[in-house]
Amino acid sequence: MKKAEDNINVKFRVWEAITEFQSHISAGNDAAVGFRDLTRKILELTDSEYGFVGEIRRSPDGDPYVYILAYESISNDPVIRQFFSEFGRSGLEFFNIDTLFGSVMTTGQVVVANEPQTDPRRGGLPKGHPPLDSFIGLPFSQSGDVVGMLCLANAKDGYSQDLMDVLQPLLDICGQVVLGMRSLRDRALAESRLKQQTRYIQLLKDLTRIADEASSFEDCFQSFLKQICETLDGALGLVHQVEDSGTCLVPTSIHYQNVPDLTSPAMSKTMESVFVKGEGLAGRVWELSQPVWQENVWRDKAFLKRLEITGSGAGHSGFAFPVPMNNSVAWVVQIFTSDMRESDPELLNILASAGSHLGLALERKRLTINQAILSAIMRSTEDAIIGLDLDGKINSWNLGAQHIFGYVEAEQIGSNVVALLGADQTDEAAQILESIRNGEAVKFELKSLTKNNDDLDLTMALTPVFDPGGKRIGASIIAWDTTEGKMKDQELLKSRIQAQSASRAKREFLAHMSHEIHTPLNSVLGFAQILERDPKLTSQHKEYIARIVDGGNQLMRLVDDILEMSKIDVGDFELHSQAFDLCGMIDRIASSIRNRCLFKGLDFFAESFDEKPLWVLGDEIKLQMALINILGNAVKFTDSGAVLLRVEQKSNERFQFEIIDTGRGIGPEQLDKIFDAFEKLGEVGLSRGMGLGLSISKKHIEAMGGSVAVQSVEGKGTHFTIEVTLKRFGDLLLKTEQGWYFNKPLAWKEMQAVLVGNLDQKSFEELTRSAHALGVDVEQVADVGPSCTLENPEADLIFIGLDDLEERGETLVRNLRRIEAFAEVPIVVLASPRSKDAADRCQEAGADLIVIKPIKRMPVLKAVEKRFGMRLDFLKNLAEAKTVSENREIDLRQIILPQTTLEAMKAAASSYNFTSFEKQLDVLKEEGEEKKLALFFKDMMRSYDMKQINQVLEFLDKMQGHRGT
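Residues numbered from 1 in each chain as written. Predicted model: local features only at pLDDT ≥ 70, side-chain atom pairs only at ≥ 80, totals over all residues. Heavy atoms only, no water.

The name that an unreviewed UniProt entry assigns to the protein chain is histidine kinase, with the source organism given as Nitrospina watsonii. In UniProt, the protein chain has this text filed under Catalytic activity (unreviewed entry): "ATP + protein L-histidine = ADP + protein N-phospho-L-histidine." (UniProt positions renumbered as here; feature names shortened; annotations may be inferred.)

Asks: Please provide a residue-by-residue account of the overall build of the protein chain, values included.
Replies: When helices and strands are counted, the protein chain shows 27 helices and 31 strands. Burial statistics for the protein chain: of 965 residues in total, 43% are counted as buried. Residue pairs at least 24 apart in sequence account for 64% of intrachain contacts in the protein chain once pairs closer than 6 positions are excluded. Carbon and sulfur atoms make up 50% of the accessible area of the protein chain, which amounts to about 51,300 Å² in all. (Helix = DSSP H or I, 4+ residues; strand = E, 2+ residues; numbered from the N terminus. Buried < 20%, exposed > 50% of the residue type's maximum accessible area, 1.4 Å probe, protein only. Contact = heavy atoms within 4.5 Å. Areas by Shrake-Rupley, 256 points an atom, 1.4 Å probe, with all protein chains shown as cover.)

Asks: Would you mind going over the packing of helix α5 (residues 162–213) against helix α6 (residues 217–232) in detail, with residue names and values included?
Replies: Two numbers describe how α5 lies on α6: the axes approach to 9 Å, and their chain directions differ by 165°. Classed by the angle they form, the pair α5 and α6 counts as roughly antiparallel. Note on packing geometry: the crossing formed by α5 with α6 is right-handed. On α6, the residues that touch Arg 199, Tyr 200, Leu 203, Asp 206, Leu 207, Ile 210 and Ala 211 of α5 are Cys 220, Ser 223, Phe 224, Gln 227, Ile 228, Thr 231 and Leu 232. Looking at the contact of α5 with α6 residue by residue, the class counts come to nine nonpolar, three polar and two charged. (Axes fitted to C-alpha atoms, helices over the stretch in contact; angles between N-to-C directions. Parallel < 35°, antiparallel > 145°, perpendicular 65-115°, else oblique. Left-handed = near helix turned anticlockwise from the far one by under 90°. Nonpolar A, V, L, I, M, F, W, Y, C, P; charged D, E, K, R; others polar.)

Asks: Please provide a residue-by-residue account of the pattern of salt bridges, values included.
Replies: Summed over the entire model, instances satisfying the criterion amount to 27 salt bridges. For the salt bridge of Arg 182 with Glu 55, the shortest nitrogen-to-oxygen distance reads 3.4 Å. In this pair, Arg 182 sits in helix α5 while Glu 55 sits in strand β1 (residues 50–58), placing the two residues 127 residues apart along the sequence. Each of the salt bridges in this network shares a partner with another, and the network as a whole consists of Glu 55, Arg 57, Arg 182 and Arg 185. (Salt bridge = Lys/Arg side-chain N within 4 Å of Asp/Glu carboxyl O.)

Asks: I'd like to hear about a nonpolar patch on the surface, residue by residue, with values.
Replies: A cluster of nonpolar side chains, contributed by Ile 369, Ile 373 and Ile 377, occupies part of the molecular surface with about 260 Å² of accessible area. In this structure, Ile 373 sits in helix α10 (residues 345–380). (Patch = residues over 30% accessible without salt bridge, like charges linked within 9 Å, V, L, I, M, F, W, Y side chains within 5 Å.)

Asks: Outline the nonpolar core, listing residues and values.
Replies: Core analysis: the largest hydrophobic core is formed by 51 residues, its most contacted members being Leu 892, Phe 917 and Phe 937. Ranked by residue count, the leading element in this core is helix α27 (residues 946–964), at seven residues. (Core = buried A, V, L, I, M, F, W, Y, C linked by side-chain atoms within 4.5 Å.)

Asks: Residue-level account of the packing of aromatic side chains, with values.
Replies: Tallying each qualifying case throughout the model produces 12 aromatic pairs. Seen in terms of ring centroids, Trp 397 and Phe 405 are 5.7 Å apart; in terms of plane orientation they differ by 45°. Their pairing is tilted. Chaining the aromatic ring pairs together yields one cluster made of Tyr 50, Phe 52, Tyr 71, Phe 83, Phe 84, Phe 94 and Phe 101. Just above the ring of Tyr 67 sits the side chain of Arg 57; from NZ or CZ to the centre is 3.6 Å. Lying over the aromatic face of Trp 286, Lys 277 brings its terminal NZ or CZ to 5.2 Å of the ring centre. (Phe/Tyr/Trp six-rings, centres within 6.5 Å; stacked < 30°, edge-to-face > 60°. Lys NZ or Arg CZ within 6 Å of the ring centre and 35° of its normal.)

Asks: Which residues make up the sheet that holds strand β24 (residues 727–728), and what values go with them?
Replies: Pairing within the open sheet is antiparallel, and its three strands lie in the order β17-β19-β24. In the strand order of this sheet, the two ends are held by β17 (578–581) and β24, each with one partner. Relative to strand β19 (residues 615–618), β17 runs antiparallel, the two sharing four bridges. Within β19, the position partnered with Asp 581 by the bridge is Trp 615. Of the strands in this sheet, β17 and β19 are in contact with helix α16 (residues 582–600), which crosses β17 at around 60°. (Pairing = 2+ DSSP bridges.)

Asks: Pulling in residues and values, what's your account of the pairing of strand β15 (residues 455–466)?
Replies: By the bridge criterion, eight bridges tie strand β14 (residues 442–449) to β15 in an arrangement that is antiparallel. In the sheet register, Glu 445 faces β15, and the bridge partner there is Thr 459. Here nine bridges tie β15 to strand β16 (residues 472–481), and the two strands are oriented antiparallel to one another. The partner of Pro 464 across the bridge, within β16, is Ala 475. In textbook terms, the turn of a hairpin is the stretch between consecutive antiparallel strands, and for β15 and β16 this stretch comprises five residues, one of which, Gly 470, has a positive phi near 90°.

Asks: Account for the sheet that holds strand β12 (residues 384–388), with residues named and values stated.
Replies: The pairing of strands in a sheet comes from backbone hydrogen bonds and takes either a parallel or an antiparallel form. In space, the five strands of this open sheet follow the order β13-β12-β16-β15-β14, with antiparallel pairing throughout. At either margin of the open sheet sits one strand with a lone partner, and together these are β13 (394–397) and β14. Taking each pair of neighbouring strands and ignoring which way they run, the sheet shows an average axis angle of 30°. Summarising the sheet, β12 and β13 pair through three bridges and their orientation is antiparallel. Across the sheet, the residue bridging to Gly 387 is Ser 396, located in β13.

Asks: Help me get a handle on unusual backbone geometry, residues and values and all.
Replies: Here Asp 47, not a glycine, exhibits a phi torsion of approximately 55°, which is positive. Judged by relative accessible area, which is 38%, Asp 47 ranks as partly exposed. Here Ser 143, not a glycine, exhibits a phi torsion of approximately 55°, which is positive. Relative to the helices and strands, Ser 143 resides in the loop between β5 (135–142) and β6 (145–153).

Here you go:
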């Protein structure tokens, strides 16, 4: 009887809860409040601690999840109460279906778990969640579909399936309310989407109108950004443009800021940043050629790193779309928001359409501008521009054509272009028509007639014309009158011939005068120097003769300067580039100038390079003359103090020479004329020259691709700066397409190497391969006793493998060094890293070299060098045989050069005389190994590598000497 009363009481309370819930919903009150009240009543009714009512929804991808309508607790436990004060709210979403409540959703059945800790359906609890001691999940359905669930937890006596029967009416009501809420939500969403679509369509119309009406590119983009930002509540709009090289996106000056201050560094720095494809929002749009939405720009770590932003900021979104032109992305428009927004594919499609329309509009504007420019060119140009169809009939005729031929447009439209040619130009006329039909671009030199039958010399350029689809529709001719030009060319040719004749006559006169003046002057100086040595001369007579010699030398210098200046004026002087030691030249100049400074009581300082020698390529004589000339003036016009010469390398090939003195200085009025010919420094009488030295020096330096500058303060001193290009050998090594390979270059020496001890297979193969590549045979002696010495006195190289010898290796080396035959034989110890200490003791005992495995060719070559007695650097950088073509593989054993040729080549190479050495190469045969050797030498010459050339020549000399013996 008691149980029946309790059941009736429970059902009454359920109906009471249903009635209150229905009244609440029917009155239009907040459904969330109604579900919270209902949940608390059910918790009290079932004596449960907490529970929730949830609606089953689906994500955009169609996956089910639980949306919490009410999440309540009636527990007095302070921990549980604290948890629900923080997290007990509607709106939570649970996507994990591998849980107890997930089983309700997937099965549509009641789920009871009175021992949830061991229930396999349990998915675990998040940190801080109240304990779960018992659980029941009750689905509510409509039309066979589960639309939601009621889940309860922690009833004192657990749960049973019977509860479903008691609460079924309530669950049915909940299902109906959820369906009603879903219907209202779908209707609101549809209305919102309709409004959004209407807004988007209006935005597209506005953007299309802007694209069509804007007067310039800048105005178009500016209005575009403004409309998008104001319509979509964007904070910032930017435009990036593909740079002309096509390698990156660069920022333009076009942007629209819809907020007073940009607090986000991601926005402000993007305004100034450059992007490559795939980098940042703009770079990804460029790479994909389609719009991109970034829901939170702070998640793009690579983008933030590119902008050099660390940390994080307030979340905000960004989206961007391309503006194409000529089928490729030309600009990227970016919009940033102040808040976070979900991706909106529909908006991206609208913006993509707007971007495409904008690109077409800009393309039309550019085409209109180009057409206007082309039209202006056609109207203003003096050249004839004639349009033709495929039959050669004229369909356009500009004012230039009217000016040249004398016909107005109406007289020529429809006539054939060949009618413009002279009667004797039949071949040219046929060629023009054939070129039009074949679509060829050609150029003609021909004769024509004007309307008044005047002769014309014309140059015509014929080019095919295509429609936008690529179909050939005709041709265009640009013709210009060369009649007057040819007359001028004839006059210029005549003038040039006369000038060349005059220049030749001047050169001949100068050469004659040089001979006529130098011959008697040399006689005067020669006899004066003979008289000067006569012991019978009085001191007065010696003084007279000294004056004759001094005056003669001065006259000789003046004559030489005048002749050199004349050669420069007629362009009859040449640069003689050759290799020279720059440091050696500076030392020689410094020694000479230092003596002159000592004579006047001046200090002299020279600051040059520590690297000696320093080989460069240039005209040593002209550079030295210029430096001596300017330094000589510095000494001449400095009465006290010092003279400084400083040499520096400014860049890879650029050298700077500074000459600084503490002399009288040069006044402003003279400084502008200092390099003029016949302009003398100082007061008249103080300088005995003719004022040609500085002018000649400057012209020589400029001919070498250099420059001369001067600064001066009167009374304080002068500062000359010379910059000139001198190619350093070491910095100019040029890489050839392939390396060079010398086939067993030492085989003629018949060198024998011996390997004592054992090596692992890989190391043995590396050793024999390296040695055989050089032409050296390797014999292995594996069984070595404690006191073993080698019985082969013919060994040229000894390799000792420590893998199995260990401590015996030291004894072996000492024994070998005691034998006279092996006293000078190179000994190389081959060891693994763990045997390094034993190898060091071998070296102390007399070994020449230690090689720690893996074995390479260089240590083998180093040992061979010692035995061979010369450096073999030219073999150090050899390519592998398999990597070079046959014509770059040289067998030196097949080359036998005449000794005179070899000596001449060695002399030229050792003196770095490139010209002479290259002439010697002409003696080599143009086939076989000598031809390959000549090509190798030319490769080395192009890289200014005379070191390797000298080594190869010395190697050949030794090899040929060996054959002779």
